[in-house]
2 protein chains.
Amino acid sequence: MITVLFAAPDLWGEYSDVLPKALSDAGIAAQVVQDAAPETVDYIIYAPSAPLQDFTPFTRTKAVLSLWAGVERIVGNDTLTQPLCRMVDPSLTESMVEWVVGHALRHHLGIDAHIVNPGHVWNPVVPPLARNRPVTVLGLGALGTACAQALAGLNFPVTGWSRTQKSVSGVKCLSGEDGLRQALTGAQIVVTLLPRTPGTENTLNADTLALTARGAVILNPGRGPLIDDAALLDALETGQIGHATLDVFRVEPLPQDHAFWAHRCVTVTPHIAADTRASSASGVIAENIRRAEAGQPLLHRVDRVLGY
Amino acid sequence: MITVLFAAPDLWGEYSDVLPKALSDAGIAAQVVQDAAPETVDYIIYAPSAPLQDFTPFTRTKAVLSLWAGVERIVGNDTLTQPLCRMVDPSLTESMVEWVVGHALRHHLGIDAHIVNPGHVWNPVVPPLARNRPVTVLGLGALGTACAQALAGLNFPVTGWSRTQKSVSGVKCLSGEDGLRQALTGAQIVVTLLPRTPGTENTLNADTLALTARGAVILNPGRGPLIDDAALLDALETGQIGHATLDVFRVEPLPQDHAFWAHRCVTVTPHIAADTRASSASGVIAENIRRAEAGQPLLHRVDRVLGY
C-alpha cells in the first residue's frame, strides 16, 4: 500500500473520489490522503495553490506530480530534489485547441462585427479563406503542436516556432532567434503557447510585434509574461496589432484598473482556455505512478535547467 | 471554338479574366461572351440575378452551369430543358466549414460573454469539452458532409441527417422522418444545411424545435425557409432555443423591421457563410465543359424532381 499525499487542498473536492478510483483502476494499492508524516509519503500531487513549500522532509517520495501544465511556481524551489512531472492531460489539450481554434476563427471571420451591430447594418463582406490567412504558433509543446495541427486542418497556413527545432506534419517549423523573426513576419494571427521561463519573458515586445502583418491578431492562452503589456498597448494604439484576445495575465484575476479591460481592441477571457479535468488528470497521475512503481521512466518529467 | 454565354451581368467583372483563362488552361477553345444569338450558344453560365428566363431559343445549348450551389430559383423554370448543374466549389465548401465551425465554437465556448463584458467581470467558468456537446447537422450534401466531418474532427459528437441514408466516417448518420426526430433529440447545436425544396420548408418548426436540448443553438447557413421564423422566435422566448445565428433569410437583405435584428438571442450574418470565388468556380465550370465536350457525364447535375 503506497501513500499519495494530495497537497492541493482547494482541489480536494474534485479529486477525492476520482483519483482513488483511477489508481485502483490502474491496479495500484494506494491510500490518497490530505495529510501524512512526510517520511511516509511515496508520491505528492501538487498544485501552485498548495501551501507545501519545503520538500526536504519527504525523504522517500519518488515523484512530485503537478496538476498544472505550467510549473514555473515550483521548478525553482531548491528544496525540491525529487523528480517533478508536469500535467499533460488530453482533456487540457482538447480544451486548449477548442479555445485557440474558436478565437482564431472568430477573428478570421470578423464575428464580433455581427455580434455587436446596433445599426443593423447588412454588409455582406466576405472574409478571405483560411488558406490565405497565415497563422503563427509560438511554442510547439503538446499544446502548441495540437493547436498548430488543428489550425492546419482547417486550411490555415501554419508556421510553428520553438526553441529547439521540431517537426510537425502540415506545419512549417522554425527555431532560433532568426526563426522567430521569420515566423512572425507577415503573420496575421499569432498564438503564444510558450512555457514561462526567463528566456521566454516578453517574447512579444515592441521589436517583435512590429514584424507581424499590419492589424494582426494576438491570441495568448499561454502565460501572461510572454507579452510586454505596454508594448502591446502601444501596438494596438498604432493599429500595428488589430486585436488581442488574452486568457492569461501577469496578475490574475486581471486588476480592474488594468488598461486591457476597457480597451476596445482587447478581449479578456478569465484563464479558462485550458483547464485540467479531474477525471482525465487522475488517469494521467495513475499512469505515472504505475510506471514509477514498475521501474519505467516517468512521463512529462520536467527538466530543471530548461524550466519545463 | 465553342460559345459560352455568361448570363450573370453583375458578376462579369469578377469572371471576365479568370473564366477564359480557366477554359484555356483546360484545353478548351472557347469564346466567353455576354451576348450572343441564342442558337449559337453551347453553354450558359447562370446566376439567380440573370435576366435570362426563357431558355427555349437556346436550341444547341448543352448545359446550364449555375454559379450558385442553391438552384431553387431556376430548377422550376419550365423552359429549361437543358441539363442544369449546381456549383460545388471547393472554396465554397471551405468557407462554409469555416463559418459553421467558427460559430459552433463561438457558442460552445460562450465567447459572446467575453466580447461584451461591460462590467469587467472575471468569471472563470470553464465550458464543457466539445466531446460532451452533441451537434446535429441537417443535410449531408457536399457542404453538410464537410461541416459534419470538421466538427467531428474537433471531437464534437456529430449526428448527420439526410433525406436518403448516407454514410460519413466519424458521423452518426440518420435518415427519414423518425431519423429526423432522433437526430434532433438532445442536440445542443443544430446546423441546417438542407437544400431548399418544398419538402424541406420549415424543417425546423414548433414541433421539431421542441426536440432539442433546452437552450440549444441553431446555426442556419443553408436557406431561410428551412426554419419557421415565428416558431423560432417563440422557442427563443421560452428559452427552449438559447440562440440562433442565421446567415440566410426568407427575404434578403433582412428587412429592418424584422424581429431577428433586435433580438438579443439572434445573430444576423449577411449571407456570407459561403461565397463562390471566381477563380475556383471558373475551374469547376471549365472541368464540366471539358467533360461535356469529351462526352463524359456532367458533375453536380441537378435532379429536376428532387430539386437539387
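The numbering scheme is per chain: residues are counted from 1 as the chain's sequence reads. Each chain takes a letter, starting from A, and each ligand takes a number, starting from 1, following the order in which they are written. Whole-chain, interface and lining totals are the exception, using all residues; otherwise, since this is a predicted model, local features are given only for residues with pLDDT of at least 70 and side-chain atom pairs are given and counted only at 80 or more. Excluded from the side-chain calculations are hydrogens and water; all other atoms, namely the structure's heavy atoms, are used.

With that out of the way, let us pick up the pairing of strand 10 (residues 216-220) of chain A. All names here are of chain A. The element strand 10 is largely enclosed, with a buried count of five among its five residues. To sort residues, take the accessible area from a 1.4 Å probe on protein chains only and compare it with the maximum for the residue type: under 20% means buried, over 50% means exposed, and anything in between is partly exposed. Helical segments are the DSSP runs of H or I of at least four residues, strand segments are the runs of E of at least two, and each set is numbered from the N terminus. Residues Ala216, Ile218 and Asn220 of strand 10 are buried on one face, and the alternating residues Val217 and Leu219, pointing to the opposite face, are buried as well. A right-handed crossover is one whose linking path, passing over the helix from the first strand to the second, runs clockwise when the strands point away from the viewer. This β-α-β element, strand 10 to helix 8 (residues 229-238) to strand 11 (residues 241-246), shows right-handed connectivity.

Below, the discussion takes up the sheet that holds strand 2 (residues 30-33) of chain B. Residues and elements named next belong to chain B. Whether two strands pair depends on DSSP finding at least two bridges between them. Reading across the sheet, the five strands line up as 2-1-3-4-5 and stay open at both edges, with parallel pairing between neighbours. With one partner strand each, in any of the chains shown, strand 2 and strand 5 (84-85) form the two edges of the open sheet. Looking at chain direction, strand 1 (residues 2-7) and strand 3 (residues 43-46) are connected through four bridges and run parallel. Bridge pairing in strand 3 links Ala7 to Tyr46. Here, residues are in contact when the closest pair of their heavy atoms is within 4.5 Å. A fitted line through C-alpha atoms serves as each axis, taken over the contacting stretch for helices, and the angle formed by two N-to-C directions is quoted from 0 to 180°. Along the sheet, helix 2 (residues 18-25) contacts strand 1, strand 2 and strand 3; its crossing angle with strand 2, the most-contacted strand, is approximately 165 degrees. Sheet strands touched by helix 10 (residues 278-293): strand 1, strand 3, strand 4 (63-66) and strand 5. Its angle to strand 3, the strand with the most contacts, is close to 155 degrees.

Residues and elements named next belong to chain A. The domain boundaries here were taken from an automatic or database domain assignment. As assigned here, chain A comprises domain 1 (2-89 + 276-293) and domain 2 (90-268). The straight-line distance from the C-alpha centre of domain 1 to that of domain 2 is 33 Å. Contacts between the two partners involve 10 residues from domain 1 and, on the opposite side, eight residues from domain 2. For the pair domain 1 and domain 2, the summed buried surface comes to about 760 Å²; carbon and sulfur atoms form 52% of the total. Summed over both partners, the accessible area lost on bringing two parts together, with a 1.4 Å probe, is the buried area. Three residues stand out in domain 1 for area buried against domain 2, namely Glu72, Asp89 and Arg277, and they jointly supply 59% of the buried area on that side. Every case where a carboxyl oxygen of Asp or Glu lies within 4 Å of a side-chain nitrogen of Lys or Arg is listed as a salt bridge. Summed over the shared surface of domain 1 and domain 2, the result is one salt bridge. Between Glu72 and Arg223 there is a salt bridge whose closest N-O contact spans 2.7 Å. In the scheme used here, Gly and all other residues not listed as nonpolar or charged are polar, with Ala, Val, Leu, Ile, Met, Phe, Trp, Tyr, Cys and Pro taken as nonpolar and Asp, Glu, Lys and Arg as charged. Residue composition of the side of domain 1 that touches domain 2, by class: four nonpolar, three polar and three charged.

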